[in-house]
Amino acid sequence: MLAILDVVLLALQLYTYVIVAAAIFSWLYAFNVVNPRNQFVSMIGNALYQLTEPLLRPIRRMLPAMGGLDLSPIVLLLGIFLVQQIIVRYLYPAALF
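Residues numbered from 1 in each chain as written. Predicted model: local features only at pLDDT ≥ 70, side-chain atom pairs only at ≥ 80, totals over all residues. Heavy atoms only, no water.

A. How the structure looks around the packing of aromatic side chains. In total, this model carries 1 aromatic pair according to the counting rule given. Taking the centre distance of 6.3 Å and the plane angle of 25° together, the rings of Phe25 and Tyr29 count as stacked. Within this pair, Phe25 and its partner Tyr29 are both found in helix H1 (residues 2–30), separated by 4 residues, close to a single helical turn. Classification of Tyr29 as partly exposed rests on a relative accessible area of 44%. (Phe/Tyr/Trp six-rings, centres within 6.5 Å; stacked < 30°, edge-to-face > 60°. Helix = DSSP H or I, 4+ residues; strand = E, 2+ residues; numbered from the N terminus. Buried < 20%, exposed > 50% of the residue type's maximum accessible area, 1.4 Å probe, protein only.)

Right under this line is the structure:
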């Protein structure tokens, strides 16, 4: 059971990095720091979009319009941190017995 919880925690940590990378990439794209016509940049942007959009889309629908400010990655990160803390504080000690 501990091995499964460790894998879940690792997957949540890796997904946290993907969310942060997608947010940074969207800023770089919006401010024309990266060339959107470059095939490699486009491929990275598409991969990050496909990895994050299934979880961000429902959050965006629930959040009120903030004028161009997208808070959905922050809400998703807070949810991931909550799940990690629940696993560490409640499930991990229960799995020891």
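B. Looking closely at the side chain of Gln84. Structurally, the position occupied by Gln84 is in helix H3 (residues 72–95). With sequence-adjacent residues up to four places away left out, Gln84 is seen in contact with Leu9, Leu12 and Gln13. (Contact = heavy atoms within 4.5 Å.)

C. Structural context of the side chain of Ser72. Among the secondary structure elements, Ser72 is positioned in helix H3. Classification of Ser72 as buried rests on a relative accessible area of 0%. Ser72 has contacts with Leu56, Ile59, Arg60 and Leu63, leaving out every residue within four places of it along the chain.

D. A look at the packing of H1 against helix H2 (residues 39–62). Axis separation between H1 and H2 bottoms out at 9 Å; the angle between their running directions is 125°. On the basis of their axis angle, the class for H1 and H2 is oblique. Crossing of H1 over H2 shows left-handed handedness. Across the interface between the two elements, Tyr15, Val18, Ile19, Ala21, Ala22 and Phe25 from H1 touch Val41, Ile44, Gly45, Leu48, Leu51, Thr52 and Leu55 from H2. When its residues are assigned to classes, the contact of H1 with H2 shows 11 nonpolar, 2 polar and no charged. (Axes fitted to C-alpha atoms, helices over the stretch in contact; angles between N-to-C directions. Parallel < 35°, antiparallel > 145°, perpendicular 65-115°, else oblique. Left-handed = near helix turned anticlockwise from the far one by under 90°. Nonpolar A, V, L, I, M, F, W, Y, C, P; charged D, E, K, R; others polar.)

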